[in-house]
Amino acid sequence: MKKILIWAGLAALLLLLAIGLKRAQQGQIGVGEMAPDFTLTAFDGEEYHLADFKGQVVVVNFWASWCVTCKPEAEDLESAWRKYQGDVIFLGVDYVDTEKEAKAYLEEANVTYPNGPDKRTLISQAYRVTGVPETFIIDKSGKVAYVQIGPFRSYNEIIFLIEPLLNK
Amino acid sequence: MKKFIKQIHVILLSIMFLSLAFPHVVTAQDPTPSDDDVNDIAEQLYCPVCENIPLDACATQACVQWRGIIRDKLAEGWSEDEIKQYFVDQYGDRVLAEPPLRGLNWLVYIVPPAAFLAGAYMLYRNFRTPKAANGKQGTGHKQDASSKAKTEPEIDNYIAKLEEELRNR
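Residues numbered from 1 in each chain as written. Chains lettered and ligands numbered in written order. Predicted model: local features only at pLDDT ≥ 70, side-chain atom pairs only at ≥ 80, totals over all residues.

Colleague: Explain the overall build of chain B to me, using residue names and the numbers behind them.
Modeller: Regarding its fold elements, chain B presents 5 helices and 0 strands. Shown N-terminal to C-terminal, the secondary structure of chain B runs as helices and strands in the order α-α-α-α-α. By residue count, 12% of the 169 residues in chain B fall in the buried class. At a minimum sequence separation of 6, the contacts of chain B that also span at least 24 residues come to 46%. (Helix = DSSP H or I, 4+ residues; strand = E, 2+ residues; numbered from the N terminus. Buried ≥ 20, exposed ≤ 12 C-beta atoms within 10 Å, placed from the backbone. Contact = placed C-beta atoms within 7 Å.)

Here you go:
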């Protein structure tokens with residue numbers, strides 16, 4: 001009986017370790033996977049639920065004010081947001097940042113699409129984000145259609161990736 | 001003399017009324033937290049961006065901003081616990097150097113001492129078992145000795161044969 005208990009304890013510990021290792025090595029959410037649902041409370045207090053945007057293309061961008069390459073990308077994303085006038089939803093998730101600096105950054109980059117802090121880093125953990133910037137383009141069915149690690153190279157690249165999804 | 005005292009009273013009363021007329025300019029205490037005050041809290045926090053580097057030793061922009069928040073909160077009169085809770089609310093439990101005792105975090109506190117105790121027990125058992133093992137080894141030595149005893153005549157025979165052969169030559 002004693003031996004069984006010891007082996008069971010060891011097995012449980014190994015199982016936990018295996019789960020932890022698997023999660024650590026999973027990498028980002030892959031193309032074709034269902035995008036994890038989340039609620040983003042924007043800096044202005046408004047709440048955005050990803051599930052509410054089913055049937056629309058959604059661009060989820062993870063950024064931070066301390067990220068050097070994020071700002072030029074934010075400007076391109078803003079241009080894309082203005083082009084689609086709400087037909088495509090853009091959500092900025094501010095990762096491990098401070099509110100004062102984040103707001104100053106948004107103002108400086110003239111960003112108007114909804115942005116909010118990643119409270120308790122729950123959204124970035126759900127998307128298994130490894131750094132910023134990272135962007136997930138979600139198709140109308142709610143599946144991840146494209147994952148961009150690092151910044152987009154240009155405004156045209158963003159449009160090029162979104163256009164085919166609008167016609168599906 | 002009385003007149004003089006009366007004059008003094010008048011002057012003092014005038015000063016009192018004048019002082020009431022002008023509001024006191026009271027400068028609020030503005031405790032500027034020192035770097036040590038900030039680092040006392042920062043060393044208990046870890047920024048998720050810079051893994052395994054405590055906040056007080058981290059030089060990235062994100063960590064500089066975090067230390068700025070600690071300084072601001074201290075200046076506002078927040079306590080150490082309130083500031084730590086603020087960081088937990090904003091960025092999650094993983095920012096704490098010492099995980100709170102809930103959920104799977106218990107394993108962090110239980111597994112290492114349990115593993116240490118298990119190791120100590122195994123060592124204890126290993127130190128005890130050599131007696132039995134020595135006993136076995138002892139019989140082994142006896143066996144070796146007996147086998148050695150058995151082989152001695154064989155060696156004697158071999159030497160005798162060798163000497164005989166040499167003599168024949």
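Next comes the rest of the write-up.
Colleague: Break down the overall build of chain A for me, citing the residues and quoting the values.
Modeller: Counting its secondary structure elements, chain A contains 5 helices and 7 strands. Secondary structure elements of chain A, listed N to C terminal, follow the sequence α-β-β-β-α-β-α-β-α-β-β-α. For chain A, the spread of C-alpha atoms along the three principal axes comes to 70 × 40 × 30 Å. Here chain A holds 168 residues, and 35% of them are scored as buried.

Colleague: An account of the confidence of the model for chain B is needed here, citing residue identities and associated values.
Modeller: Residue and element names in this part refer to chain B. Per-residue confidence for chain B gives a mean pLDDT of 80; residues scoring 70 or more make up 75%. In this model residues 22–27 is a low-confidence stretch, pLDDT under 50, and it forms 0 contacts with partners more than four residues away in sequence or in other chains. We note a pTM of 0.72 for the whole complex and an ipTM of 0.82 for its interfaces. (pLDDT = per-residue confidence, 0-100.)

Colleague: Explain the nonpolar core residue by residue, including any values.
Modeller: Within the largest apolar cluster, 58 residues are counted, with the highest numbers of intra-cluster contacts made by Ala-64 and Ile-138 of chain A together with Cys-47 of chain B. Here this core gets 6 residues from one element, more than from any other, and that element is strand β3 (residues 57–63) of chain A. Residues contacting Cys-47 of chain B, with those up to four places away along its chain left out, are Val-96 of chain A together with Leu-55, Cys-58, Ala-62, Cys-63, Trp-66 and Val-95 of chain B. (Core = buried A, V, L, I, M, F, W, Y, C linked by C-beta atoms within 7 Å.)

Colleague: Give me the lowdown on the sheet that holds strand β6 (residues 134–138) of chain A, citing residues and values where you can.
Modeller: Residue and element names in this part refer to chain A. Ordered by their spatial adjacency, 5 strands build an open sheet running β5-β4-β3-β6-β7, and the pairing between neighbours is mixed. With one partner strand each, in any of the chains shown, β5 (115–117) and β7 (144–149) form the two edges of the open sheet. The sheet shows a mean angle of 20° between the axes of neighbouring strands, direction not considered. (Pairing = 2+ DSSP bridges. Axes fitted to C-alpha atoms, helices over the stretch in contact; angles between N-to-C directions.)

Colleague: Quick rundown of the interface of chain A and chain B? Include the residues and the values.
Modeller: Listed per partner, the contact involves 9 residues of chain A and 12 residues of chain B. Taken together, the residues of the side of chain A that touches chain B sort by class into 4 nonpolar, 2 polar and 3 charged. (Nonpolar A, V, L, I, M, F, W, Y, C, P; charged D, E, K, R; others polar.)

Colleague: Outline helix α2 (residues 70–84) of chain A, supporting the account with residue identities and numerical values.
Modeller: All names here are of chain A. Taking 1.5 Å of rise per residue, 15 residues should cover 21 Å, and α2 covers 21 Å from first to last C-alpha, within 8% of that figure. For α2, the elements touching its buried residues are β3, β4 (88–94) and α5 (155–166). Remark: Gln-85 follows α2 within two positions and exhibits a positive phi of approximately 50°. (Expected span 1.5 Å × (residues − 1).)

Colleague: Quick one: what's the story with the pairing of β7 of chain A, residue by residue and with numbers?
Modeller: Examined bridge by bridge, β6 of chain A and β7 of chain A share 5 bridges and lie antiparallel to one another. The residue bridging Glu-134 of chain A from the neighbouring strand is Ile-149 of chain A, located in β7 of chain A.

Colleague: Provide a residue-level description of the environment of Ala-104 of chain A, including the pertinent values.
Modeller: Among the structural elements, Ala-104 of chain A can be located in helix α3 (residues 99–108). Measuring from C-alpha to C-alpha, the distance between Ala-104 of chain A and Ile-158 of chain A comes to 24 Å, with 54 residues separating the pair along the chain.

Colleague: Now, about unusual backbone geometry: what can you tell me, with residues and values included?
Modeller: Residue and element names in this part refer to chain A. For the peptide bond that leads from Val-132 to Pro-133, omega is -5°, which places it in the cis range. Along the polypeptide, Pro-133 turns up in the loop between α4 (122–126) and β6. Of note in this structure, Val-96 is not a glycine but carries a positive phi near 45°. Topologically, Val-96 is positioned in the loop between β4 and α3. When the 26 C-beta atoms within 10 Å are taken as the criterion, Val-96 is described as buried.

Colleague: So what's going on with the pairing of β4 of chain A? Which residues, and what values?
Modeller: Residues in a regular strand project their side chains so that they alternate between the two faces of the sheet. Residue and element names in this part refer to chain A. Among the 7 residues in β4, 6 count as buried, and that is most of the element. Relative to β4, β3 runs parallel, the two being bridged by 7 bridges. For Trp-63, the partnering residue across the bridge sits in β4 and is Asp-94. Note on the crossover from β3 through α2 to β4: the handedness is right-handed. (Right-handed = clockwise from strand over helix to strand, strands pointing away.)

Colleague: Describe the environment of Thr-129 of chain B, with residues and values.
Modeller: Note that Thr-129 of chain B resides in helix α5 (residues 106–168). Here the alpha-carbon distance between Thr-129 of chain B and Ser-79 of chain B, two residues 50 residues apart in the chain, equals 56 Å.

Colleague: Please set out the packing of helix α2 (residues 35–42) of chain B against helix α3 (residues 61–75) of chain B residue by residue, giving values where relevant.
Modeller: Two quantities define a packed helix pair, namely the angle between the axes and the distance from one axis to the other. Residues and elements named next belong to chain B. At a closest axis distance of 9 Å, the pairing of α2 and α3 adopts a crossing angle of 115°. Taken together, the axes of α2 and α3 lie roughly perpendicular to each other. Between α2 and α3 lies a crossing whose hand is right-handed. Residues Asp-37, Val-38, Ile-41 and Ala-42 of α2 pack against Arg-67, Ile-70, Arg-71 and Leu-74 of α3. Partitioning the contact of α2 with α3 into residue classes produces 5 nonpolar, no polar and 3 charged. (Parallel < 35°, antiparallel > 145°, perpendicular 65-115°, else oblique. Left-handed = near helix turned anticlockwise from the far one by under 90°.)

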